[in-house]
Amino acid sequence: MADPNEKMSGKYTVQRFPAVADPDDAGYSRCTTWVQAVSHGFHQQRRDDEYLAKTLVAYQKDKRELTGVYVNGTVPVHSLGTDVPVATYATMRKDLNIGFGRQLESNLVTAVTVRGTHRRNGILRGMITADLEAAKDDGLAMAALTASEASIYGRFGFGVATFERSIKVDTGPRFRLRGQPLGTVEVADPAVLLDVAPQVFERVQRLSPGSIDRQEYYRLLASGSIGHDGKPDTSVRCALHYDLSGSLDGYVSYRFKGWDHKPYTMEIVDLVAASNAAYLDLWRFLGSIDLIDEVTWAEAPVDDPLAWALDDPRCIEASEIRDMLWLRILDTPAALRARCFPVAGRLVLEVSDSLDLAGGTWVLESDGGAAAVVNEASGEAPDLILDVTDLASIYLGAVSPVTLAAAGRVSEKAAGAAFLAQQLFAVERSAHCLTHF
Ligand SMILES: CC(C)(COP(=O)(O)OP(=O)(O)OC[C@H]1O[C@@H](n2cnc3c(N)ncnc32)[C@H](O)[C@@H]1OP(=O)(O)O)[C@@H](O)C(=O)NCCC(=O)NCCS
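Residues numbered from 1 in each chain as written. Predicted model: local features only at pLDDT ≥ 70, side-chain atom pairs only at ≥ 80, totals over all residues.

### Topic: the overall build of the protein
- Of the regular secondary structure elements, the protein holds eleven helices and 20 strands.
- Its C-alpha radius of gyration of 23 Å places the protein within 12% of the 22 Å reference for a compact globule of 437 residues.
- Along the three orthogonal principal directions, the C-alpha set of the protein runs to about 65 × 60 × 35 Å.
- The burial tally for the protein puts 44% of its 437 residues in the buried class. (Helix = DSSP H or I, 4+ residues; strand = E, 2+ residues; numbered from the N terminus. Rg over C-alpha atoms; globule rule 2.2 N^0.38 Å. Buried ≥ 20, exposed ≤ 12 C-beta atoms within 10 Å, placed from the backbone.)

Below you can see the structure in the form of structure tokens.
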């Protein structure tokens, strides 16, 4: 196993340590300095003690493992000290819904920064390759991240697996939803979301391909307990959805953008619905808020039932589609065996991997039932040749292998193999991930 604490070169030392939340713990100041370095890397403000304390409590709950890269020896006088990492990287483990209710524990990568004055020295490459090897050695078949730029992570075997878009919805007179409410919506004190949000999300996690179990931060954000500046956000409001039996199955938290902002706009902070009815009823509620002309949502699904439920789908003004979840398969046979393939079929897949973690040739045989058989191919010619990045992209059914073949990324050696792969990797509803990390 790669040692994440080994010296990468004479210039740097890598330290990997758990997030600790107790200010009396000897490791606390190392953690606060690390959080400040992440803020620096993402051009955010210097964090105060309250923010650091709240953040580290949340990080500890998520069992985050923090990595810092430190300069060996001395640094010039007046510059940041050697206790401040020049690079940061963190991981936590959460379940990924891989379709048909199946969950795959995955290594989530986050907080990747390298200080500008140390970039392009191979620091990211060193951190990420050591971490991916360690995660694989630890038995995980999948890693995941969200990317600030689309050009960074493909070289490490990550492929885009889900997408999202921002929407602005005109909630003026044109806004009319088909059908009738199938439950009720009630306004509540957002503080209830501290308890309710994880319960509702747990149901969504079971039902939604592409969903990743949420980190502690989300219930704090949804309830307004913490805003992006670390202070409580008192502008957050919330509404809850109850199904016909009175049980709670959805919520929306939202904030008004102010009377200076025209059109008068309500911004969705978090919208989580565990049923189709809850989703549409919550939109019905949002569309009915008086004095408001527009509702915005930054994390809307690409394949959005709202568009089909509106009498006038042009009420929605959508941004360009963005990549959201990137997956990295660490162990191809384990990742394939974990999936449920909804149709019968047999494919020989030749997978290349420049990091040598998940490459090889395998025969995938599905009877369209619960378990697929995956065996190493013994001399059989491949039907499809693809890179591990492309296997990640087709894994949740959100990217078609037919399209990747047309793009020259996937090589189809047997006629119809890409289309068969498209059917095999399909999931029961469009993959969407509501969890940023
Ligand atoms: C992105 C970032 C982490 C890269 O760190 P780094 O230590 O300079 O990267 P490395 O020197 O290890 O480079 C690894 C490879 O990635 C490439 N690369 C790094 N950053 C890149 C970028 N922004 N765009 C395209 N390629 C990039 C390098 O050219 C190198 O390629 P090679 O190994 O094929 O020659 C760093 O520039 C950074 O902190 N940026 C600001 C914060 C950020 O965007 N973080 C990512 C959050 S998802």
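### Quick word on the sheet that holds strand 19 (residues 384-387)
- With respect to topology, five strands assemble into an open sheet ordered 18-17-16-19-20, the strand pairing being mixed. Of all strands in the sheet, those bounded by a partner on one side alone are strand 18 (373-376) and strand 20 (411-412).
- As paired strands, strand 19 and strand 20 are joined by two bridges and run antiparallel to one another. Bridge pairing in strand 20 links L384 to E412.
- Sheet strands in contact with helix 11 (residues 417-424) are strand 16 (344-352), strand 17 (360-367), strand 19 and strand 20, and its direction is about 105 degrees off that of strand 16. (Pairing = 2+ DSSP bridges. Contact = placed C-beta atoms within 7 Å. Axes fitted to C-alpha atoms, helices over the stretch in contact; angles between N-to-C directions.)

### Overview of the domain arrangement of the protein
- The domain architecture assigned to the protein consists of domain 1 (12-140), domain 2 (164-322) and domain 3 (332-424).
- Look at where the C-alpha atoms of domain 2 and domain 3 centre, and you get two points 36 Å apart. (Domains from an automatic or database assignment.)

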